[in-house]
Amino acid sequence: MTTDTTSAHSQTPDGWTAGTWTIDPAHTAVSFSARHLMSRVRGTFAEVSGQIVTDPDPARSTVTAVIGTASVNTGNQMRDDHLRSPDFFDVERYPQMRFVSQALRRVAGSWVLSGELTIRDVTRAVDLEVEFLGSDPTGLQGEPRIGFSAQATISRRDFGVTFGLVADGAKIIIADKIDITLDVQGFLAS
């Protein structure tokens, strides 16, 4: 990847609005998918909170987000209970995942948000490819709103979550790579 040589400010997206935004959990979706045996399992996390600070220069913008691990939902109670167990999220010991941004930059025509993701008290660098979905000055009830979509792929092994990984590669029970999709809407903080 190469970083664009023009400044991020000169590439401010149409409709970009500076402000401090509270993530709206009712209009935000945190989802993931992973290969499990011969198919893919998809799931979501219902509990998400955080803040987005958009600067007039997008490169100076920041994001912090917290996700409740016990809120995992794949549509299968037995699987969800297993995901909450020490084999995976260990929600009793680690009730939250956290993302804190470090930099927003243009890379090959796209926005990339670099930050630190913490799962099970293990922190790793993660890059999210971000799409700005726009802003609405009157929102749902007169309040300004802003929206983003982001995607990343992480290695669960990097966070010490290794249940179901087969060392000899003979059979994939649960893949190492997890695809993450975030659809985030925020309202202007008062």
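Each remark here, short or long, concerns the structure printed above.
The rules we used
Per-chain numbering applies: the sequence of each chain, read as written, is numbered from 1 onward. Per-residue local features of the predicted model are confined to residues with pLDDT of at least 70, and side-chain atom pairs are confined, for both listing and counting, to 80 or more; whole-chain, interface and lining totals are unaffected and use all residues. Water and hydrogen atoms play no part in the side-chain values, which are based on all heavy atoms of the structure. The term salt bridge refers to a side-chain nitrogen of Lys or Arg lying within 4 Å of a carboxyl oxygen of Asp or Glu. Under the DSSP-based scheme used, a helix requires at least four consecutive residues in state H or I and a strand at least two consecutive residues in state E, with every element numbered from the N terminus. The buried label applies to any residue whose accessible area, calculated with a 1.4 Å probe on protein chains only, is under 20% of its type's maximum; exposed applies above 50%, and partly exposed to all values in between. For this analysis, residues touch if any pair of their heavy atoms sits within 4.5 Å. For the purposes of these results, a polar contact is taken to be a pair of N or O atoms within 3.5 Å, where, inside protein, one atom must be able to donate a hydrogen and its partner to accept one; residues adjacent in sequence count only when each atom of the pair is a side-chain atom. Side-chain atoms within 4.5 Å are what join buried Ala, Val, Leu, Ile, Met, Phe, Trp, Tyr and Cys residues into a set we call a nonpolar core. Strand pairing is defined by DSSP finding a minimum of two bridges between the two strands.

A. Fine view of the pattern of salt bridges. Evaluated as defined, the whole model comprises 6 salt bridges. Notably, a salt bridge pairs Asp179 with Arg40, separated by 2.6 Å at the nearest N-O pair. Linking Asp179 in strand β11 (residues 174-188) with Arg40 in strand β3 (residues 39-45), this pair joins segments that are 139 residues apart in sequence.

B. Fine view of the environment of Arg40. Accessibility expressed as a relative area gives 39% for Arg40, which makes it partly exposed. Ignoring anything within four residues of it in the chain, the contact list for Arg40 reads Ser33, Ala34, Arg35 and Asp179. Engagement of the side chain of Arg40 in a polar contact is seen with the side chain of Ser33, the distance being 3.0 Å.

C. Spotlight on the nonpolar core. In terms of nonpolar packing, the biggest core is built from 40 residues, with Phe45, Phe89, Leu128 and Ile154 touching the most fellow members. For Phe89, the residues in contact, after removing those within four places along its chain, are Phe45, Thr69, Val72, Leu83, Arg84, Tyr94, Met97, Ile119 and Arg120.

D. Region of the structure containing the pairing of strand β8 (residues 110-119). Of all 10 residues in β8, 8 are buried, a share of seventy percent or more. Between the end of strand β7 (residues 96-107) and the start of β8, which pair antiparallel, lie 2 residues, with Ala108 showing a positive phi angle near 50 degrees. Summarising the sheet, β8 and strand β9 (residues 122-136) pair through 9 bridges and their orientation is antiparallel. Among the inter-strand pairings, Trp111 is bridged to a residue of β9, identified as Val130. The loop that links β8 with its antiparallel partner β9 comprises 2 residues; one of these, Arg120, has a positive phi angle of about 55 degrees.

Interpretation note: all reported values are geometric properties and have no functional meaning in isolation.
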